[in-house]
Amino acid sequence: MVCVPSDVIWDITYACPLRCIHCYSESGRRPTRQLGAPDLLRVADALIAMRPSDIAIAGGEPLVVPDLFAVAERFSRSGISVTL
């Protein structure tokens, strides 16, 4: 039996301009380790192949990722709901 996730949470970056003490990922206090555009889209395609119903993009602060909207659009065009 193949297990397919219905929902995926993707922490797309550790980059964050804040230093919140309650942050579970310690974003803003560790290296950003952010993928470039080709790799982001490659990961997006791998997630799309899993066919989840929803992908939540989190982080860090996902809005600091330059290619965030290209990634979100790729999910949306594939019929996958995207939340931030």
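Residues numbered from 1 in each chain as written. Predicted model: local features only at pLDDT ≥ 70, side-chain atom pairs only at ≥ 80, totals over all residues. Heavy atoms only, no water.

Draft legend 1. Spatial organisation of the packing of aromatic side chains. With the rule as written, the count across this model stands at 1 aromatic pair. Between the aromatic rings of tryptophan 10 and phenylalanine 75, the centroid separation amounts to 6.2 Å while the plane-to-plane angle is 75°, which identifies the pairing as edge-to-face. Of the two residues, tryptophan 10 sits in strand S1 (residues 7-11) while phenylalanine 75 sits in helix H2 (residues 68-77), which places them 65 residues apart along the sequence. As far as the burial class goes, tryptophan 10 and phenylalanine 75 line up, both buried. (Phe/Tyr/Trp six-rings, centres within 6.5 Å; stacked < 30°, edge-to-face > 60°. Helix = DSSP H or I, 4+ residues; strand = E, 2+ residues; numbered from the N terminus. Buried < 20%, exposed > 50% of the residue type's maximum accessible area, 1.4 Å probe, protein only.)

Draft legend 2. Region of the structure containing the environment of serine 27. With respect to the secondary-structure elements, serine 27 resides in the loop between S1 and helix H1 (37-49). On the basis of relative accessible area, serine 27 is assigned to the buried category, the value being 2%. As for serine 27 and glycine 60, which are separated by 33 residues in sequence, their C-alpha atoms are 4.9 Å apart.

Draft legend 3. Broad picture of the pairing of S1. On S1, burial follows the alternation: Val8 and Trp10 on one face are buried, whereas Asp7, Ile9 and Asp11 on the facing-out side are not. Note: S1 against strand S2 (residues 54-58), 5 bridges, orientation parallel. Among the inter-strand pairings, aspartate 7 is bridged to a residue of S2, identified as aspartate 54. Since S1 and S2 lie parallel, the crossover through H1 that links them has a hand, and here it is right-handed. (Pairing = 2+ DSSP bridges. Right-handed = clockwise from strand over helix to strand, strands pointing away.)

Draft legend 4. Focus on the pattern of salt bridges. Here the structure, examined in full by the defined rule, presents 3 salt bridges. A salt bridge links aspartate 45 to arginine 74, with the nearest nitrogen and oxygen atoms 3.0 Å apart. In this pair, aspartate 45 is assigned in helix H1 and arginine 74 in helix H2, connecting sequence segments 29 residues apart. Overall, aspartate 45 belongs to the partly exposed group, its relative accessible area being 38%. The salt bridge involving glutamate 73 is made with arginine 77; its shortest N-O contact spans 2.5 Å. Of this pair, glutamate 73 and arginine 77 both sit in helix H2, 4 residues apart, roughly one helical turn. (Salt bridge = Lys/Arg side-chain N within 4 Å of Asp/Glu carboxyl O.)

Draft legend 5. Molecular detail of the pairing of S2. Counting buried positions over the 5 residues of S2 gives 5, a clear majority of the element. Because side chains alternate across S2, one face comprises the buried residues Asp54, Ala56 and Ala58, and the other comprises Ile55 and Ile57, equally buried. Here S2 pairs with strand S3 (residues 81-83) via 3 bridges, running parallel. Residue aspartate 54 lies in a different strand from S3, and its bridge partner there is serine 81. Note on the crossover from S2 through H2 to S3: the handedness is right-handed.

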